[in-house]
Amino acid sequence: MLAVCAAATSAQAQDASVINNQIQLGDLFSTQTLNVVEVDEGVGAETTATGNGVVAGADGVDLSITSNQTMAGSAQAVTTVNATTSMGDSSQINTTALGNTADVSITQATVTGVLTQIATASPNVTAQGYVEAETASAGDLGVATTAISNSASLTLTNGSAGVRFNQSSAADVLADGGAVAQYVSGTADISGVAAGNSVALVGTETSAARIAVSQTNSSGLVQASQFTAYGNAQTAYTTATAAGNTVGAANEGPLLDVASNQYNEAYVRAQAESSAWQFGEGAATAYAVGNAVLAGDTGEAVVLDNVQLNTGGGVEAIASFAGNEGYDGYSRATAVGNDATAYSCSACTGSMTVSNAQTNGADVGATSTTSVTAGRLINSPSTAIGNNASFYVTRPGS
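Only a predicted model underlies this, so the values are computations on that prediction, with no experimental measurement involved.

Asker: Can you walk me through the overall build of the protein in this structure?
Answerer: The secondary structure content of the protein amounts to zero helices and 22 strands. Against the 2.2 N^0.38 benchmark of 21 Å for 398 residues, the protein shows a C-alpha radius of gyration of 22 Å, consistent with a compact globule. Out of the 398 residues in the protein, the part that is buried amounts to 50%. A separation threshold of at least 6 residues defines the contact pool for the protein, and within that pool the share at least 24 residues apart is 86%. As displayed, the protein has an accessible area near 15,100 Å², and 49% of this comes from carbon and sulfur atoms.

Asker: Would you explain the side chain of Gln-24 in this entry?
Answerer: For Gln-24, the location among the structural elements is in strand 2 (residues 16–24). Among the polar contacts made by the side chain of Gln-24, one reaches the main-chain carbonyl oxygen of Gly-26 at a distance of 3.0 Å. Setting aside residues no more than four positions away along its own chain, Gln-24 makes contact with Gly-51, Asn-52, Thr-70, Met-71, Ala-72 and Gly-73.

Asker: Honestly, the side chain of Ser-219 in this entry has me stumped. Any pointers?
Answerer: Positionally, Ser-219 belongs in the loop between strand 13 (208–217) and strand 14 (221–251). By relative accessible area, which is 3% here, Ser-219 ends up buried. Polar contacts involving the side chain of Ser-219 include one to the side chain of Asn-217, which spans 3.1 Å. Not counting residues up to four positions away in its chain, the partners in contact with Ser-219 are Ser-169, Ala-170, Ala-171, Asp-172, Glu-265 and Ala-266.

Asker: Whenever I open this one, the environment of Ala-250 confuses me. Can you help?
Answerer: For Ala-250, the position within the fold is in strand 14. Residues Ala-250 and Ala-295 lie 45 residues apart in sequence; the distance between their C-alpha atoms is 6.0 Å. What Ala-250 contacts, discounting residues up to four positions off in sequence, is Leu-201, Val-202, Gly-203, Gly-296 and Tyr-343.

Asker: Explain the pattern of salt bridges here, please?
Answerer: Should their charged atoms come close, side chains of opposite charge can pair. Following the criterion strictly, the structure yields three salt bridges and no others. For the salt bridge of Asp-257 with Arg-210, the shortest nitrogen-to-oxygen distance reads 3.1 Å. One end of the pair, Asp-257, is in strand 15 (residues 255–264); the other, Arg-210, is in strand 13, with 47 residues separating them in the sequence. Given the relative accessible area of 14%, Asp-257 is considered buried. In this structure, Asp-328 engages Arg-376 in a salt bridge whose closest nitrogen and oxygen atoms are separated by 2.8 Å. Here Arg-376 lies in the loop between strand 20 (364–374) and strand 21 (377–379) and Asp-328 lies in strand 18 (residues 315–345), a separation of 48 residues in the sequence.

Asker: Please explain the sheet that holds strand 11 (residues 160–169) as it appears in this structure.
Answerer: Strands belonging to one sheet form pairs held by backbone hydrogen bonds; the direction of such a pair is parallel or antiparallel. Spatially, the eight strands line up as an open sheet ordered 2-5-8-11-13-15-17-19, and their pairing is parallel. The outermost strands of the open sheet, each flanked by one partner alone, are strand 2 and strand 19 (351–360). Shown here is a sheet whose adjacent strand axes are inclined to one another by a mean of 0 degrees, direction ignored. Taken together, the ten bridges between strand 13 and strand 15 define a ladder with parallel strand orientation. Within the sheet, the bridge partner assigned to Asn-217 lies in strand 15 and is Asn-264.

Rules used throughout
- Numbering of residues starts from 1 in each chain and follows the order in which that chain's sequence is written.
- Selection of residues for local features in this predicted model requires a pLDDT of at least 70, selection of side-chain atom pairs for listing and counting requires 80 or more, and totals for whole chains, interfaces and linings are taken over all residues.
- The basis for every side-chain value is the complete set of non-hydrogen atoms in the structure, without hydrogens or water.
- Counting from the N terminus, the helices are the DSSP runs of H or I reaching at least four residues and the strands are the DSSP runs of E reaching at least two.
- Only C-alpha atoms enter the radius of gyration, while the globule expectation follows 2.2 Å times N to the 0.38, with N the number of residues.
- With a 1.4 Å probe rolled over the protein chains alone, any residue whose accessible area is under 20% of its type maximum counts as buried; one over 50% counts as exposed, and the rest are partly exposed.
- The criterion used for residue contact is that any of the two residues' heavy atoms lie within 4.5 Å.
- In these tables, accessible area is a Shrake-Rupley quantity obtained with a 1.4 Å probe, and a residue counts as shielded only by the protein chains included in the view.
- Contacts described as polar in this section are N or O atom pairs within 3.5 Å, which, within protein, must combine one atom able to donate a hydrogen with one able to accept it, while residues neighboring in sequence count only if both atoms come from side chains.
- Whenever a carboxyl oxygen of Asp or Glu lies within 4 Å of a side-chain nitrogen of Lys or Arg, that contact is scored as a salt bridge.
- A pair of strands counts as paired when DSSP detects no fewer than two bridges linking them.
- Axis definition: a line fitted to C-alpha atoms, over the contacting stretch in the case of helices. Angles run 0 to 180 degrees between N-to-C directions.

In short, the description is geometric, and any link to function would need to be established separately.
See below:
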């Protein structure tokens, strides 16, 4: 992991420049196993495997960055927690596998540059997180499992940006995990996120950004799969999210301009399955998408130029919840070939300009099943969409 930081120290502070070149050829493995009998406060575990990583930031100094990252090996992170009696009041288990990752931040200055991430020779990126507590109790239980082949983020605080992102991946991506517990007295939040290529932008305090994104995912598989089972759970959420390519940009300021071109041919699968003998609220949610872009600005203007092509293996979402006795049971499955969303703020005299072209040539399927023997409310929506576009101008908070 390479970290670079620059800060202004005088009126004559020089601009900062970063040139980063990283190549990872070998495989990476990170494994952690915790054997727990009984604890009071909780269990914490953090397992991470990263091929190439760069962090660059500047405060009060303009920054230019050119970054090239190539991942040719596999990245695998595995966490296993075995508990027999008690996991305590609050536990959090995080497992993350990343091929290439780049994080850039700017405060009261301007950042320009090109970030290129390539994982076309990487076999796979895999994250697996499991809690095995068949005879144990827990208060609050969180298990987060994340696998992303190429990940890039840009954070602006009263800053401006002009950045291009190039991402290409052929690596299979898997975020698999879940939890088994006898009794959860609080909230169990079990989630898995898998993505081939991901770009995120967040701008605050009157920022402005113009970004161009090119994403190609030619892998065979992107899958997030989570499985949970409880004897008794007060609140149990099981969530799986899988995306071939995703761009998310949210800004507060005068301008957000996003040009996005996405191509996905992977089979994208999100699967969330949960069961509880007794439950207060149980929910299983699966969301799978070939290509997704979001551009939102609570300021003066948002511009989106979007091209999406999804083909190849298909997109599938599977969600199920089964309970014997309880109150509210839900399962929600959503599968989308191409998804585009843009919004602007009408109370900020906001304007919106959108050019959108979406083509889906793959099968899209969603399956949702909820089975409850005795309960108060059950709900089981299932949605499959080839191409979806939502563009709106609204007031803040509405």
